[in-house]
Amino acid sequence: MHPFTLERPRDIAAALAFGAQPGRNDAPAEYIAGGTDMVQLLQENVRRPERLVSLAGLLDNRIDVGPQGLRLGAAATMAEVAAHPAVVEQFPVIAEALLNSASPQVRNQATTGGNLLQRTRCPYFRDIGYDACNKRAPGSGCAAIGGENRWHAVLGTSENCIATNPSDLAVALVALDAAIEVHGTGGQRTVPLADFHRLPGATPHIETVLEPGEVIAAITVPANPVARRSHYLKVRDRASFEFAIVSAAVALEMDGNRIQQARVALGGVGTKPWRVPPVEAALVGASLDPAALRPAAALAAAGAQGHGHNGFKIELMQRAIVRAVETAGARA
Ligand SMILES: Cc1cc2nc3c(=O)[nH]c(=O)nc-3n(C[C@H](O)[C@H](O)[C@H](O)COP(=O)(O)OP(=O)(O)OC[C@H]3O[C@@H](n4cnc5c(N)ncnc54)[C@H](O)[C@@H]3O)c2cc1C
Ligand code: SF4
């Protein structure tokens, strides 16, 4: 592990003043919250910051549900959010995404803010034995293109990076139009989650729109009738403790047996949490018959591109959408 200075600021203003920036390997200072991702990256020398700024005790962990919707303090743990009765009842897709993530031990320690900023599970990014990784070392190339890429993205890729965003929670949240409360030295701002993660393009080493010194303070989800009838389907190589090969977050409003309103987002297939508005529009008016759902789900494949080992995801994501819609629609 590369030596670093651990800063324990007294308040959030002092923490912001260090100018830490998550999601960039060239940032000299980084935050640490639950540490479940950051400590691994430090141990493997993937991250070598000069300063680590602890957020422990500085951000709120409240979970508030009211007429406006849901607000999650960034320090709320994955376990706390997943077990909150109002989240389970009114936002089941969020609770399910969390309970399908990691292990109970990790969920007890990991924060929701840290979850949205966890780094990709691309094996070439996480192993410094490979030289070529534009995300870890800008300009070095991409070992996954032409390498082993079964886990990689088919949507939103570039010639510089095809890594997926690994967060299950982000997929559920983006389906529900969540927004991020960002606090920085210059004040506060709100960023729609759909605009929070950047596509890799020519700069895959810059993963979010956060500026130096900014933190995620909270996540908000607006009230919407679709949230109650929602479901998270995760397809993975083993039944527990595994990241998504493909996942689908679906939220529906029904009029009898017909879909009146739909929200659909995909995980495991995009370089960021991937919302599919054409699928949502095509689902309106459909019944829950899989044959009626399939043409709408097929629209998710527009622009999808396999890279050798991951082409199977293009069919699998359509099937995942159909199954998730059936399950969500059948909910009372
Ligand atoms: C064995 C294992 C299995 C896992 N499986 C899954 C899975 O199936 N699905 C899934 O979604 N996740 C999974 N994870 C990832 C896990 O969810 C994340 O490690 C965790 O959510 C990160 O939260 P943390 O508080 O520990 O963040 P940290 O590790 O402390 O930080 C992560 C990143 O976020 C930054 N950061 C943290 N909080 C803030 C903030 N408030 N503002 C700005 N920057 C911040 C840090 O600087 C760092 O870059 C797994 C992790 C492990 C170890
Ligand atoms: S896919 Fe992205 S993270 Fe993986 S090796 Fe290529 S540049 Fe690095």
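Looking at an unreviewed UniProt entry, one finds the protein chain named Xanthine dehydrogenase family protein subunit M, with Microvirga tunisiensis as its source organism.

Near ligand 1 lie 34 residues; those nearest to it are Tyr31, Gly35, Thr36, Thr111 and Asp168. The contact in question runs from an oxygen atom of ligand 1 to an N or O atom on the backbone of Tyr31, over 2.5 Å. At a separation of 2.8 Å, an oxygen atom of ligand 1 approaches a polar backbone atom of Met38. In the complex, the protein chains occlude 96% of the 970 Å² of accessible area that ligand 1 would expose alone. The set of elements that each furnish at least two residues to the shell around ligand 1 consists of strand E2 (29-32), helix H2 (38-43), helix H7 (112-116) and strand E8 (215-222). By residue class, the composition of the shell around ligand 1 is 18 nonpolar, 11 polar and 5 charged. Shared between two domains, the shell around ligand 1 takes at least three residues from each, and those domains are domain 1 (5-54) and domain 2 (225-329).

In this section: the site of ligand 2. Surveying the vicinity of ligand 2 reveals 15 residues, the closest of which are Cys122, Cys133, Cys142, Cys161 and Ile162. Split into classes, the residues belonging to the shell around ligand 2 amount to 11 nonpolar, 3 polar and 1 charged.

In terms of burial, strand E5 (residues 69-73) is largely enclosed, as 4 of its 5 residues are buried. In terms of strand pairing, strand E4 (residues 63-66) meets E5 through 4 bridges, oriented antiparallel. Paired with Gly66 across the two strands is Gly69, which belongs to E5. Between E4 and E5, which follow one another and run antiparallel, lie 2 residues. Looking at chain direction, E5 and E8 are connected through 5 bridges and run antiparallel. The partner of Leu72 across the bridge, within E8, is Ile219.

Calculation rules
- Residues numbered from 1 in each chain as written.
- Chains lettered and ligands numbered in written order.
- Predicted model: local features only at pLDDT ≥ 70, side-chain atom pairs only at ≥ 80, totals over all residues.
- Heavy atoms only, no water.
- Near = heavy atom within 4 Å.
- Polar contact = N/O pair within 3.5 Å; in protein donor to acceptor, adjacent residues only side chain to side chain.
- Areas by Shrake-Rupley, 256 points an atom, 1.4 Å probe, with all protein chains shown as cover.
- Helix = DSSP H or I, 4+ residues; strand = E, 2+ residues; numbered from the N terminus.
- Nonpolar A, V, L, I, M, F, W, Y, C, P; charged D, E, K, R; others polar.
- Domains from an automatic or database assignment.
- Buried < 20%, exposed > 50% of the residue type's maximum accessible area, 1.4 Å probe, protein only.
- Pairing = 2+ DSSP bridges.

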